[in-house]
Amino acid sequence: MVDLVSQYQEIKNEVNHAIQNVLETAQFINGPEVKSFQQDLEKYLNVKHVIPCANGTDALQVSLMSLGLKPGDEVITPSFTFIATTEVIALLGLKPVFVDVEKDTFCIDPKKIEEAITEKTKAIVPVHLYGQAANMEKILRIAKDNNLYVIEDNAQAIGSDYYTENGHKKTGTLGDIGCTSFFPSKNLGCYGDGGAIFTNNDELADTIRKIVNHGQSKRYYHDLVGCNSRLDSIQAAVLRIKLKKLDQYIESRRKVADYYDAFFEKYKNVITPFRNSYSRHVFHQYTLILDGIDRDALNKHLAEKGIPSMIYYPVPAHKQKMFSAFGSEATELPVTDWLTKRVLSLPIHTEMEEEQLEFICKNITEFIDK
Ligand SMILES: *Cc1c(COP(=O)(O)O)cnc(C)c1O
């Protein structure tokens, strides 16, 4: 699905040098690379505060912890997402309230959010799935009208632009808090685990900085129950190099998406990714909807030809055993269920060659035309 080896070859000298530098200065934790990366990312995102942390799941967990919610408070989230988005809600004793997504964007449906709001609702966690933003304008309006926090799960959309009336903003900087993951295969990935939290709110930033460091205000003085969630210096050094390439990486991904789009145009059973007008798709995934084609058989056919393809995600969150205590499997999410049976993601990465694309498309054609 991705080719991190070829990508590394392109930046090998710079990366090796940067890692070597960390080894030689031995400042593995909270070293200068972490601070520099934080500042680089603040500048890139045009956001006041970036707080690096250990991974994307922690970013979501810490963000929720910073809001001062009470057990049983409700958090609205899509079910059609990676499990981490929803898992941290339950982990903190909060109640995940699953709502449906839009059939075209795969993102949370603002109309369904309004229907799910109760007196206990405290926050909304939209996910910018596969690299395309949820409708933040509508979500932020609902949040404002109902006095709710918005935490953006931006793990799949870092670098994406959101167009507003007053110009564009980076996704993850529109709500109260944004979260991302630097898992190696993400659009901005490191060589291990990593994550970050973004906010323009000084007070939340202050709380979040404490939480990721054992609730500490000054050394050995702990104001809050927190955790230990740090980005290490080696990962920060790698990320500083890759951040400079992020826009170029996004361009490469978009070119792959354009190729696939053009190729599948003639197949009316193959629905190519919708591109909404209010954001720039960064194609973390290139996900087709196969309507009337045996998706699982195609997935198997491609595997036999040595072509990876993935179902993100085969079981939506509301049907996971993990949430059985909430009775969420009874929630009716018809669009989520419909999509779960039909989506298929194709290989997409920054080093893809036309030959590979031709080979993938030829094998898909073979299956569909058969
Ligand atoms: C990857 C991902 C996460 C979690 O990130 P980790 O760094 O693996 O903990 C959360 N949400 C979404 C949508 C993701 O894709």
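About the thresholds
- Residues numbered from 1 in each chain as written.
- Predicted model: local features only at pLDDT ≥ 70, side-chain atom pairs only at ≥ 80, totals over all residues.
- Heavy atoms only, no water.
- 1 Å grid on protein atoms, 1.4 Å probe; cavity = no way out; pocket = protein on both sides within 12 Å on 5 of 7 lines; lining within 4 Å.
- Points joined across faces, edges and corners; volume = space filled by probe spheres on them.
- Helix = DSSP H or I, 4+ residues; strand = E, 2+ residues; numbered from the N terminus.
- Nonpolar A, V, L, I, M, F, W, Y, C, P; charged D, E, K, R; others polar.
- Domains from an automatic or database assignment.
- Contact = heavy atoms within 4.5 Å.
- Buried area = accessible area lost by both parts, 1.4 Å probe.
- Salt bridge = Lys/Arg side-chain N within 4 Å of Asp/Glu carboxyl O.
- Pairing = 2+ DSSP bridges.
- Core = buried A, V, L, I, M, F, W, Y, C linked by side-chain atoms within 4.5 Å.
- Buried < 20%, exposed > 50% of the residue type's maximum accessible area, 1.4 Å probe, protein only.

### Regarding the layout of surface pockets
One water molecule sets the probe size; rolling that probe over the atoms shows where empty space is left. When its volume is computed, the largest pocket comes out at roughly 460 Å³. Lining the largest pocket are 27 residues, with Phe 82, Gln 156, Ser 181, Phe 183 and Lys 186 positioned closest to its centre. Taken together, the elements giving at least two residues each to the lining of the largest pocket come down to helix 3 (56-65) and helix 4 (83-91). The element contributing the most residues to the lining of the largest pocket is helix 3, with three residues. Of the residues contributing to the lining of the largest pocket, the split by class is twelve nonpolar, eleven polar and four charged. Here the lining of the largest pocket spans two domains, since at least three of its residues come from each of domain 1 (4-243) and domain 2 (246-368). In this structure, the second largest pocket encloses a volume near 370 Å³. If you trace the second largest pocket, you find 14 residues lining it, with Asn 30, Val 34, Gln 38, Pro 52 and Val 212 closest to the centre. Of all the elements in the fold, those that place two or more residues in the lining of the second largest pocket are helix 2 (32-45) and strand 1 (49-53).

### Points about the domain arrangement of the protein
By domain assignment, the protein separates into domain 1 (4-243) and domain 2 (246-368). For domain 1 and domain 2, the distance between their C-alpha centres works out to 24 Å. Contacts between the two partners involve 47 residues from domain 1 and, on the opposite side, 40 residues from domain 2. Across the domain 1 to domain 2 interface the summed buried area is about 3800 Å²; carbon plus sulfur atoms make up 62%. For domain 1, the biggest contributors to the area lost against domain 2 are Phe 98, Tyr 130 and Asn 187; these three give 19% of the whole. Remark: the boundary between domain 1 and domain 2 carries zero salt bridges. The set of elements that each furnish at least two residues to the side of domain 1 that touches domain 2 consists of helix 1 (4-25), helix 4, strand 3 (95-99), strand 6 (161-164) and helix 8 (233-264). Taken together, the residues that form the side of domain 1 that touches domain 2 break down as 22 nonpolar, 14 polar and eleven charged.

### Some words on the sheet that holds strand 12 (residues 270-271)
Spatially, three strands are ordered 12-13-14 in an open sheet, and the strand pairing comes out antiparallel. Sheet topology places strand 12 and strand 14 (343-346) at the edges, where each strand pairs with a single neighbour.

### Here we look at the pattern of salt bridges
Tallying each qualifying case throughout the model produces 16 salt bridges. Within the structure, one salt-bridge network assembled from shared partners comprises Glu 33, Asp 40 and Arg 240.

### A few points about the nonpolar core
Membership of the largest hydrophobic core comes to 30 residues, with the highest contact counts inside it found for Ile 76, Phe 80, Phe 106, Ile 113, Leu 129 and Ile 139. Mapped onto this core, the elements with two or more residues apiece are strand 3, helix 5 (110-116) and helix 6 (136-146). The element that contributes the greatest number of residues to this core is helix 6, accounting for four residues. Two domains each donate at least three residues to this core, and these are domain 1 (4-243) and domain 2 (246-368). In this structure Ile 139 touches Ile 108, Pro 110, Ile 113, Ile 124, Pro 126, Ala 134 and Val 150, once residues within four positions along its chain are discounted. If you look at the next biggest cluster of nonpolar residues, it comprises 25 residues, including Phe 264, Val 270, Ile 293 and Leu 346.

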